[in-house]
Amino acid sequence: MELDAKIPEGPIAEKWDQHRFEMKLVNPANKRKHEVIVVGSGLAGASAAASMAELGYDVKCFCFQDSPRRAHSIAAQGGINAAKNYQNDGDSVFRLFYDTVKGGDFRSREANVHRLAQVSVNIIDQCVAQGVPFAREYGGLLSNRSFGGAQVSRTFYARGQTGQQLLLGAYQALQRQIGAGKVKMVPRSELLEIVIIEGAARGIVVRDLVTGEISSHCADAVCLATGGYANVFYLSTNAMNSNVTATYRAYKKGAFFANPCYTQIHPTCIPVSGDHQSKLTLMSESLRNDGRVWVPKNAGDTRPPDRIPESERDYYLERKYPSFGNLVPRDIASRNAKEVCDAGHSVVPGGHGVYLDFADAIGRLGQKTIEERYGNLFEMYERITGDNPYRTPMKIYPAPHYTMGGLWVDYNLMSTIPGLHVLGEANFSDHGANRLGASALMQGLADGYFVIPYTIGHYLATSKLEKVDTGHAAFRDAEREVREKTDRLLEIRGRRTVDDFHRELGRIMWNNCGMSRNKAGLEKALEEIPRLREEFWKDVRVLGASESINQSLEKAGRVADFLEFGEILCHDALDREESCGAHFREEHQTEEGEALRHDEDYTYVSAWEYKGVGNAPALHKEHLEFENVHLATRSYK
Amino acid sequence: MKLKLHIWRQTSQDAPGAFADYELDDVSPDMSFLEMLDVLNERLILDEQEPVVFDNDCREGICGACGMVINGHPHGPQKLTTTCQLHMRKFRDGDELWIEPWRAKAFPVLRDLMVDRSALDRIIEVGGYVSVNTGGVPDANAIPIGKGVADLSMDAAACIGCGACVAACPNASASLFTAAKITHLGVLPQGEIERNTRVQEMVAQMDEEAFGHCTNHGECDAACPKGISVDFIARMNRDFVRGVTREPITR
Ligand SMILES: Cc1cc2nc3c(=O)[nH]c(=O)nc-3n(C[C@H](O)[C@H](O)[C@H](O)COP(=O)(O)OP(=O)(O)OC[C@H]3O[C@@H](n4cnc5c(N)ncnc54)[C@H](O)[C@@H]3O)c2cc1C
Ligand code: FES
C-alpha cells in the first residue's frame, strides 16, 4: 500500500498555516451532531477531549484509571519545551525544529516536527492561562532551564512535577466540559476492540473494570491517546498499567504500526534492587545539569565512592564528549553506561549501576540551591534506596522509558484506518529514532490542543458517514470476540501467574532487544516469544470471574497483547540494518563505537501491517525527505 | 523479615467485609509496600485464592491512585509518603500490620482496598478550573506573577487527589482537597476572576457528596503525603465568606 503522509505543499514554515486554511470546516451548528470518541485522558487525550468539546463536538472520553487525572502523563518530572526564546539565548522555532530532527537522528517527518515547534509557543500560553503554576523568576516572568542535551534554555517547568501540573490543567479543562455536559467521561473502562464499518473506524468495545460489563460505543471518529508500550520490557519507568492493548488491537484491525523498535532507554533511573522489583523509578534528567556521571577507573573496584580518589575516577561522558559532557542525549548516555558496566566498572552488586555525583555542584552552589532545584527528587531517591544523595553519589542505570514508535499517522494524525486518529505517545510521528527530553509533553499537548481540533473537522467535513448505532452487526461481533477472549483466559486455570509470564517476556525483550541489539539475539527472541506465548495460553492462571473487579484478568489481557506485540518489535529491529538514535545494532557502529546510520537504505519509516498471529508482518515504507535539515552524522563530541 | 498481615477483604460494594490473616516470611527491606503485596498476591494465586484488589499505577507517589490505611495511618507510618513509596525498611521483623481501605461515606468500598473516589472529580467539575477555552489567550509572559505567589500556588497545586485527607479526618471531610484547589487557582491572577463563585460551587458540591465539615482537627495535614498545609482551609473559609458577600450564587 502507498503510504501517503498528506504533507502539505509549500515552504516548511508555511505548511501548517496554509493547511489550516485549506482544511474544510464543520458548520458550528452541525458540530454537536458529530460524536467523537477519545480513548485516553493523559496530556494528549484530555487536551483533545476538552478542546473538541469546546468547539461543540459531542465527546466521549475513556480511561482505565478511576479518574482522568491519574493518567501516566502525571508522572513526568522535568519539563516541557517551547521555542519562546524568553531567555534571548538564540532559540527560535527553526532551532527547536532543527534540534528535534537532529535529535531524532533523521528518522522523523520534517513537516510534523516543524508544526510541533511552531505550536509549542501556544502551549505555554494556554497552560499559563489555565493557571499552571510554572516556575518563575523574582521579576515575575517565567523561568527556563536547559534540559536533555539542548544548548538553549527552552524548558518550562513546575518544580519536579511538570507533568502533573500540565495534566491537571488539561484535566480541569476536561472536568469543566464534563460539568457542562459536553463530554461524557467513562473512567475505569478499558478499550478492548475497535469497530470498523465500511472501512472507517466507527466505535469501540470496552469492558467496565468494576462490573465487568462489555459495552459498545459508536461515533463518527475515534481518537486513540493511549500512551506508549515500554512495559513490554516488564520493568520500565512507565506506570504499572500502561500497555499496548489499544494500539495493538487497532493494528490487528488494519492500522499500521510504525517503527516499533525505536524504544528509548532513559539513562538516569534507580537500579534494580531485587527479584521483587515491579517498576523502575526515573530520576529526572534535569539532574544531569548538575550531577556528574562516573565509575571507578579500575574494573571491579568495590571501595565506597568517598574512598576513590579523583585520579581513579572515570567521568566517561565528560571524557568522551567534551562539548556536551554529562548532557549528551539519552541514547548516548545510556549506551555508555551499559558499556562501562559491561566492562566491569559497575558500582552496584549485580553489575548494573554508575554514579551520579552532586558533590561538585553542592560545593560550587551550596546545598540550598541544589535543594531548591532537586529537593523532591533527592527525597524520593532517599525514600526508595535509603541513601542520602547530598552525602553520597546517587546510583543510576538506564531503563526503558518512552516509545517513539506507535501507530503510523499522516500529517492529520490519522492512521491507515480512516477516522482512527492517534495522538501523543501512541503515535509515531515526531521524535524519529530518539526523543529529546521535555518533548513528549510538548507533543502530547500540541496534538491535543492545537492539531486534532482542526484536522478532525476536516475529516468529518469531507467524509460521507452513514448513520450507524451499536446494534450494527460489527459491534455485536466485536463484543462476542471480546467475551470469548475473556472467557478463554479464565478457563485455562494453569499453573503460572500473569506476572510470571510478563517478567519472562521482559527478560527476553531486554536481553535481546534492549539497549543494543544484534541479529543472533533478535532471532533468538523471535523463537522464544512464540514459545512463551503458547505456554501462556496453556498455563496461565487467572482466578475469579469476569463480572466483577478482576485485576488479574485485566493484566492477562494486556500481557497477551504484549506477547504478540513483542514479536513485531523484534521484526522491526531485525529489519533495520543500521544504528540510529535509540536503535543500536551492534553490527553497525563506527570504530569508536558510535551509531552508524545507513541513509541510502534506511531513510524511511517502517510501517508494519498485521498478517496474523505468529506470521511475519508486512513492511510498508514511508520515505523521508530532508529538505531543511540536511542529513548529517550526529556528533556530540 | 517476617510479617503478620490482617487485610480487609470485601468482594463487592454491597457484600460484608472482614479482615483476613496472612503471613509472609521472606520480605526484603528494599521492597516497596505494594511490592510486598504483589508477593502476597502471587502466592495467593498459586494457592487458588483471589488476590487482594488495590488501586495503584505510577508507584512514584504522584498519580494518587494508591492508598490504604496501615495500622490506623492513611498511607502508613512514614510522613510525606504515599503507600507506593513506603518501603519495608520502615517496618521490623515480626511486625503485625492491619491494612484497610479509606473509610468515608463518600468513598464506597468497591472491593478489598479499592474505593470509589469519583466524588473528588465532581468537586473539580463544578468550579476547579479557570474558564478559558483553547486558543486566543495572551502571551504567557504578559501577566507577571511574583515568585512568592507562584510558589504558594504550586504548594497548593501539589495535591495528588489521593483522598488520604478524607480518610484521616474524623468527619471524613474533603476540606483540604477542596481548599488546595481553591488556593492553587485563587491566588493567581488567572484564577482571581472566578474566585468568588468557585469557592461557593466547590464547597456546596463537597456538602452534596456527603463529606463532613472541617472542625480543625488537622489530621488531614498530618496525613497528606504532599505536605498540603491546613492553612489553606482557613484561606478557603475566608474566600467563602468573601464570595457569599460579594457575589453570592444560587445553585
Ligand atoms: C517517569 C516519567 C517521566 C517523564 N518525564 C517527562 C518530561 O519531563 N518531559 C516530557 O516531555 N516527557 C516526559 N515523559 C514522557 C511523557 O510523560 C509521556 O510520553 C506522555 O505523558 C504521554 O502522554 P499521553 O497523553 O500520550 O499518554 P498517557 O499519559 O500515557 O495516557 C494514556 C491514557 O490512555 C488510557 N488508556 C490506555 N489504554 C487504554 C485502554 N485500552 N482503554 C482505555 N483507556 C486506555 C489511560 O487510562 C490514560 O488515560 C516522562 C515519562 C515518564 C514515564
Ligand atoms: S501509585 Fe501513584 S501515587 Fe501511589
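Residues numbered from 1 in each chain as written. Chains lettered and ligands numbered in written order. Predicted model: local features only at pLDDT ≥ 70, side-chain atom pairs only at ≥ 80, totals over all residues. Heavy atoms only, no water.

A. Representation of the overall build of chain B in the model. Within chain B, the regular secondary structure consists of nine helices and seven strands. On the principal axes, the C-alpha backbone points of chain B span a range of 60 × 40 × 35 Å. A total of 251 residues make up chain B; the buried ones form 59% of that total. Restricting to contacts in chain B with at least 6 residues of sequence separation, those with at least 24 account for 70%. Seen as two clouds, the 24 positive and the 37 negative side-chain charges of chain B have centres 6 Å apart. (Helix = DSSP H or I, 4+ residues; strand = E, 2+ residues; numbered from the N terminus. Buried < 20%, exposed > 50% of the residue type's maximum accessible area, 1.4 Å probe, protein only. Contact = heavy atoms within 4.5 Å. Lys, Arg positive; Asp, Glu negative; His and termini not counted. Charge placed at Lys NZ, Arg CZ, Asp CG, Glu CD.)

B. Molecular detail of the interface of chain A and chain B. At the interface, 79 residues of chain A touch 75 residues of chain B. A buried area of about 6400 Å², summed over both sides, lies between chain A and chain B, and 49% of it is on carbon and sulfur atoms. Among the residues of chain A in contact with chain B, A:R70, A:R176 and A:R383 are the three that bury the most area, contributing 11% of the side total. Across the contact surface, chain A and chain B share eight salt bridges. One salt bridge connects B:D139 with A:K84, and the closest N-O pair in it is separated by 3.0 Å. Joining chain A to chain B, the criterion identifies 50 residue pairs in polar contact (both at pLDDT 80 or more). Sorting the residues of the side of chain A that touches chain B by element identifies α3 (43–55), α5 (110–130), α6 (162–179), α11 (367–385), α12 (440–462), α14 (498–513) and α16 (551–575) of chain A as the ones contributing at least two each. Take the side of chain A that touches chain B: its biggest share by element is 10 residues, from α6(A). Tallied by class, the residues present in the side of chain A that touches chain B amount to 28 nonpolar, 31 polar and 20 charged. (Buried area = accessible area lost by both parts, 1.4 Å probe. Salt bridge = Lys/Arg side-chain N within 4 Å of Asp/Glu carboxyl O. Polar contact = N/O pair within 3.5 Å; in protein donor to acceptor, adjacent residues only side chain to side chain. Nonpolar A, V, L, I, M, F, W, Y, C, P; charged D, E, K, R; others polar.)

C. Structural context of the sheet that holds strand β5 (residues 95–100) of chain B. Residue and element names in this part refer to chain B. The five strands are arranged β2-β1-β5-β3-β4 in an open sheet whose pairing can be described as mixed. Where the open sheet ends on each side, the last strands, each with one partner, are β2 (18–24) and β4 (73–74). Direction of pairing for strand β1 (residues 3–9) relative to β5: parallel, over a ladder of five bridges. Pairing of H6 across the sheet is with W98, part of β5. (Pairing = 2+ DSSP bridges.)

D. The pairing of strand β7 (residues 200–208) of chain A, seen in detail. Residues and elements named next belong to chain A. Counting buried positions along β7 gives eight out of nine residues, so the element sits mostly inside the fold. Direction of pairing for strand β6 (residues 189–197) relative to β7: antiparallel, over a ladder of eight bridges. In the strand pairing of β7, I194 is matched with I204. Connecting the antiparallel pair β6 and β7 is a turn made up of two residues, with E198 showing a positive phi of about 50 degrees. In the sheet, β7 pairs with strand β8 (residues 214–218) via five bridges, with the strands oriented antiparallel. From the neighbouring strand, G203 faces β8, where its bridge partner is C218. The turn linking β7 back onto β8 is made up of five residues, and G212 within it adopts a positive phi angle of 80 degrees.

E. Main features of the site of ligand 1. Residues and elements named next belong to chain A. In the neighbourhood of ligand 1, 36 residues make up the surrounding shell, with Q65, S73, L191, E425 and L441 lying closest. Between ligand 1 and the protein, one listed contact pairs an oxygen atom with a side-chain N or O atom of Q65 at 2.4 Å. Within the contact set of ligand 1, an oxygen atom lies 2.8 Å away from a backbone nitrogen or oxygen of G78. In the complex, the protein chains occlude 98% of the 1000 Å² of accessible area that ligand 1 would expose alone. Listed by contribution, the elements that provide at least two residues to the shell around ligand 1 are α3, β6, β15 (394–403) and α12. With three residues, β6 is the largest single contributor of residues to the shell around ligand 1. Among the residues making up the shell around ligand 1, the classes are represented as 16 nonpolar, 17 polar and three charged. (Near = heavy atom within 4 Å. Areas by Shrake-Rupley, 256 points an atom, 1.4 Å probe, with all protein chains shown as cover.)

F. Here's a closer look at α16(A). Residues and elements named next belong to chain A. For α16, with 25 residues, the first-to-last C-alpha span of 36 Å sits near the 36 Å given by 1.5 Å per residue. Of all the bends found along α16, the most pronounced is centred on E564 and spans about 25 degrees. For α16, the N-terminal cap is N550; the gap from its side-chain oxygen to the backbone nitrogen of S552 is 3.3 Å. (Expected span 1.5 Å × (residues − 1). Bend = angle between axes of the 7 residues up to and from the residue.)

G. The domain arrangement of chain B, seen in detail. Residues and elements named next belong to chain B. Taken domain by domain, chain B consists of domain 1 (3–111) and domain 2 (117–133 + 142–246). Computed over C-alpha atoms, the centres of domain 1 and domain 2 are 28 Å apart. Taken together, the 19 residues of domain 1 in the interface contact 21 residues of domain 2. For the pair domain 1 and domain 2, the summed buried area comes to about 1400 Å², and 64% of that belongs to carbon and sulfur atoms. The largest contributions to the domain 1 side of the interface with domain 2 come from L80, A106 and F107, which together make up 33% of the buried area. Counting every contact that joins domain 1 to domain 2 gives one salt bridge. One salt bridge connects D55 with R117, and the closest N-O pair in it is separated by 3.6 Å. (Domains from an automatic or database assignment.)

H. Quick look at the sheet that holds strand β16 (residues 406–407) of chain A. All names here are of chain A. Read across the sheet, four strands follow the order β16-β10-β18-β19 without closing on themselves; strand pairing throughout is antiparallel. Edge strands, defined here as strands with exactly one partner in the open sheet, are β16 and β19 (618–623). Pairing analysis gives two bridges linking strand β10 (residues 257–258) to β16, with the strands arranged antiparallel. Pairing of A258 across the sheet is with G406, part of β16.

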